[in-house]
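Fold and geometry: a report
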Amino acid sequence: MEKSTACLVSAIVILCCFCCINYVTSDASDHRYKEGDFVPFYANKVGPFHNPSETYRYFDLPFCSPENVEEKKEDLGEVLNGDRLVVAPYKLDFLINKQPESICRKFLTRKEVAQFRHAVLKDYFYQMYYDDLPIWGFLGRFVTDENDDTNVAKVYLFRNVHFEILYNNDRIIDVFIRNDPNVVVDLTEDREVKMDFTYSVKWTETDIPFEKRLEKYSLTSSLSHHLEIHWFSIINSCVTVLLLTGFLAMILMRVLKNDFVKFTPDEEAHDDQEESGWKNIHGDVFRYPRYKSLFAAALGIGSQLFTLVIFIFMLALVGVFYPYNRGAFFTALIVIYALTSGIAGYSAASFYYMIDGKNWVKILVLTGSLFSGPLFLTFSFLNTVAVAYNSTAALPFGTIMVIFLIWTLVTSPLLVLGGIAGKNSRSEFQAPSKTNKYPREIPQLSWYRSTLAQMAMAGFLPFSAIYVELYYIFASVWGHQIYTIYSILFIIFIILLIVTAFVNVALTYFQLAAEDHEWWWRSFLCGGSTGLFIYGYCMFFYQARSDMYGFMQTSFFFGYMACICYGFFLMLGTVGFRASLIFVRHIYRSVKCE
């Protein structure tokens, strides 16, 4: 029953992943055009360059707007990404060059001038999509004095947008915007301004093949000096793993060998030889932990998140998340999370009943809310902030209902089915030694053996193995750099898992050697402590490595990063406990415990 259920869940998830691959890759634009053909052109959003979460609709600024703004139908991932595409007010037909042509002439009121001035001073940029190729441009420029005082800055708005488009035969290869710094309108003074918005187009033939038109967006990740840093990070992490592995193997093998010799029955040994160390607590080491329903729920969610990360890596390695495949990552994330909820229910319920749990409804409720509960509360607060700012980061009511239906119709039923399968699996815990009726008193331990001190030591080494790579990930998620070297990231992830497992095994052994048998929660907390270090890095990145500002961006950054780090805490905590459990079972199975 257990094996068939696991195979069924795995088959469903794999099928889902391939459906995601077909779905997101089928959206790639592969259009062929003839001269004069219409080419899809959409304006997306505007916002401060340094605040990636603070974005607004394109026509929230007083551009030339048609009477009826035509919106593009978007999928779930695009909406979650904050995209709000509308038909752009430009006509860029295939191979048709244009000299500066007027879009509209209008008088900017003082309020509209103030809007544009504020946007220019805050380094607003806009994003568009032409034949599914992203384009960026800044609204204008400003000139400050020697003190960089923006209150006395000269503010200029670009009034002409020049498009340069590269093509190869009947396909579009590249497009970018150039602004003439001399073709501007002065918006420094608070007065009405007569404005003539214009645009021009130039087509240029290129020999770049269509298959390579997206390569330029990932070049920054694969530049030689960046690759050197990435490989240095991997080598550093590998050296850390090798040293740690060698150190632990030497220490543990030597110590355990002496322990096994000491604890092996010898005909010449005295029967009244006093036991000490980890052998002395064999009757308590497999005593079930306190709050075992919460513990089992944490293991269930950790197992689900681990599976989710593995499948996301699978999609990334086969090339699904190519640069600017709008919404593909969020779509895959939601779908795979929904389908892997059965793994959470099965893992939590099976382990709960393995340690003599009774209330399966309680364990399923805990499992379903342990991660999604804090995530829902965080989303509710941040979505309210985005609504107050009138930002595109605010999800429409329809999208919220779609997510709710996915949770109601897919996530919850699979969680319950997985829980029922785990409850009926009836697997045994398989403890190598019997548990005493009454717990043994734990001796007083030194301060460096306390839970907090052990968590600090356990989290530092795994964090040091991924520290260098974290900057590139943060710069991609919370900046405008593009991360495409998923193979390197996967290697770093494997190293993270190995270091986490080895560190937890070592700390668990030293805890048992000190005759402290309450290792269950300790191993979980020590394994997950890397998530706390990552959140500490968030504070450093915000202050020292980024230019983010404002309440909305700050709340989005720390709010969603708190959820991500919490997810890492649960996932790595599960890895740490599982590794410690395997180790503890092995050493107590290797000696005769009566």
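Residues numbered from 1 in each chain as written. Predicted model: local features only at pLDDT ≥ 70, side-chain atom pairs only at ≥ 80, totals over all residues. Heavy atoms only, no water.

A count of helices and strands for the protein gives 15 helices and 12 strands. Restricting to contacts in the protein with at least 6 residues of sequence separation, those with at least 24 account for 80%. Total accessible area on the protein stands at roughly 29500 Å², and carbon and sulfur atoms take up 60% of it. (Helix = DSSP H or I, 4+ residues; strand = E, 2+ residues; numbered from the N terminus. Contact = heavy atoms within 4.5 Å. Areas by Shrake-Rupley, 256 points an atom, 1.4 Å probe, with all protein chains shown as cover.)

Our next topic: helix α13 (residues 486-513). For α13, built from 28 residues, the straight-helix expectation of 40 Å at 1.5 Å per residue is met to within 8% by its first-to-last C-alpha distance of 41 Å. Most of α13 is tucked away, with 20 of its 28 residues classed as buried. In the segment just after α13, Glu515 is the residue with positive phi, at about 65°. (Expected span 1.5 Å × (residues − 1). Buried < 20%, exposed > 50% of the residue type's maximum accessible area, 1.4 Å probe, protein only.)

Here the focus is the environment of Leu489. Here Leu489 lies in helix α13. The class of Leu489 is buried, set by a relative accessible area of 17%. Here the alpha-carbon distance between Leu489 and Ile473, two residues 16 residues apart in the chain, equals 9.1 Å.

What follows covers the state of the cysteines. If you walk through the whole model with that rule in mind, you get 1 disulfide. The disulfide partner of Cys64 is Cys104, and the gap between their sulfur atoms is 1.6 Å. Residues Cys64 and Cys104 share a disulfide whose torsion about the S-S bond is about -70°; that sign makes it left-handed. Taken together, the positions of Cys64 in the loop between β2 (56-57) and α2 (76-80) and Cys104 in strand β4 (residues 98-108) put the pair 40 residues apart, joining distant regions of the chain. Cys563 forms no disulfide, and the closest cysteine sulfur to it belongs to Cys565, at a distance of 9.5 Å. The buried category is assigned to Cys563, whose relative accessible area is 8%. Free cysteine: Cys565, not disulfide-bonded; nearest cysteine sulfur from Cys538 at 4.3 Å. (Disulfide = S-S within 2.5 Å.)

Attention now goes to the sheet that holds strand β7 (residues 140-143). With antiparallel pairing, the 3 strands of this open sheet are ordered in space as β7-β8-β11. Whereas interior strands pair on both sides, the edge strands pair on one side only; in this sheet they are β7 and β11 (184-186). Taking the axes of each pair of neighbouring strands and ignoring which way they run, one obtains an average angle of 25° across the sheet. Alignment of β7 against strand β8 (residues 154-158), held across 4 bridges, turns out to be antiparallel. Its bridge partner being in β8, Arg141 is matched across the sheet by Tyr156. This element, helix α3 (residues 110-121), spans β7 and β8 of the sheet and lies at about 100° to β8. (Pairing = 2+ DSSP bridges. Axes fitted to C-alpha atoms, helices over the stretch in contact; angles between N-to-C directions.)

On to the packing of helix α14 (residues 520-545) against helix α15 (residues 551-589), then. Remark: α14 packs on α15, axes separated minimally by 7 Å, with the N-to-C direction vectors making an angle of 155°. In terms of orientation, α14 and α15 fall into the roughly antiparallel class. Between α14 and α15 lies a crossing whose hand is right-handed. Class assignment of the residues belonging to the contact of α14 with α15 gives a composition of 19 nonpolar, 11 polar and no charged. (Parallel < 35°, antiparallel > 145°, perpendicular 65-115°, else oblique. Left-handed = near helix turned anticlockwise from the far one by under 90°. Nonpolar A, V, L, I, M, F, W, Y, C, P; charged D, E, K, R; others polar.)

Attention now moves to the packing of aromatic side chains. Inspection of the entire model under this criterion finds 66 aromatic pairs. With a centroid separation of 4.9 Å and 80° between ring planes, the pair formed by Phe295 and Trp521 is classed as edge-to-face. Of the two residues, Phe295 sits in helix α6 (residues 292-317) while Trp521 sits in helix α14, which places them 226 residues apart along the sequence. Note on Trp521: relative accessible area 23%, which makes it partly exposed. Judged by centre distance (5.8 Å) and plane angle (45°), the ring pair of Tyr537 and Phe540 falls under tilted. With Tyr537 and Phe540 both in helix α14 and 3 residues apart, the pair spans about one turn of that helix. (Phe/Tyr/Trp six-rings, centres within 6.5 Å; stacked < 30°, edge-to-face > 60°.)

Note that Thr340 resides in the loop between α7 (328-339) and α8 (341-354). Taking the C-alpha atoms as reference points, Thr340 and Gln304, separated by 36 residues in sequence, lie 6.0 Å from one another.

Phe351, Phe474 and Phe557 are the most contacted members of the largest nonpolar core, which has 81 residues in total. Among the elements of the structure, α6, α7, α8, α9 (360-370), α12 (451-477), α13, α14 and α15 are those that each provide at least two residues to this core. For this core, the element with the highest residue contribution is α15, accounting for 16 residues. In contact with Phe351, not counting residues within four places along its chain, are Phe295, Ala296, Leu299, Phe429, Trp520, Phe577 and Arg578. (Core = buried A, V, L, I, M, F, W, Y, C linked by side-chain atoms within 4.5 Å.)

The next subject is the sheet that holds strand β12 (residues 193-205). Spatial ordering of the open sheet is given by β4-β12-β9-β10, a layout of 4 strands whose pairing is mixed. Since the sheet does not close on itself, it has two edges, and those belong to β4 and β10 (171-178), each with one partner. Strand-to-strand twist of the sheet, defined as the mean angle between neighbouring strand axes without regard to direction, takes the value 20°. Relative to β12, strand β9 (residues 160-168) runs parallel, the two being bridged by 8 bridges. Among the inter-strand pairings, Glu164 is bridged to a residue of β12, identified as Lys202. Sitting on the sheet, α3 is in contact with β4 and β12, with an inclination near 125° to β4.

A separate point is the pattern of salt bridges. Evaluated as defined, the whole model comprises 14 salt bridges. Among the ionic pairs, Glu71 bridges to Arg57, the shortest N-O distance being 3.9 Å. With Glu71 in the loop between β2 and α2 and Arg57 in strand β2, the pair connects residues that are 14 residues apart, well separated along the chain. When its relative accessible area of 56% is taken as the criterion, Glu71 is described as exposed. A salt bridge links Arg440 to Glu515, with the shortest nitrogen-to-oxygen separation between them at 3.6 Å. With Arg440 in the loop between α11 (397-425) and α12 and Glu515 in the loop between α13 and α14, the pair connects residues that are 75 residues apart, well separated along the chain. (Salt bridge = Lys/Arg side-chain N within 4 Å of Asp/Glu carboxyl O.)

Any link to function would need more than the numbers given here.
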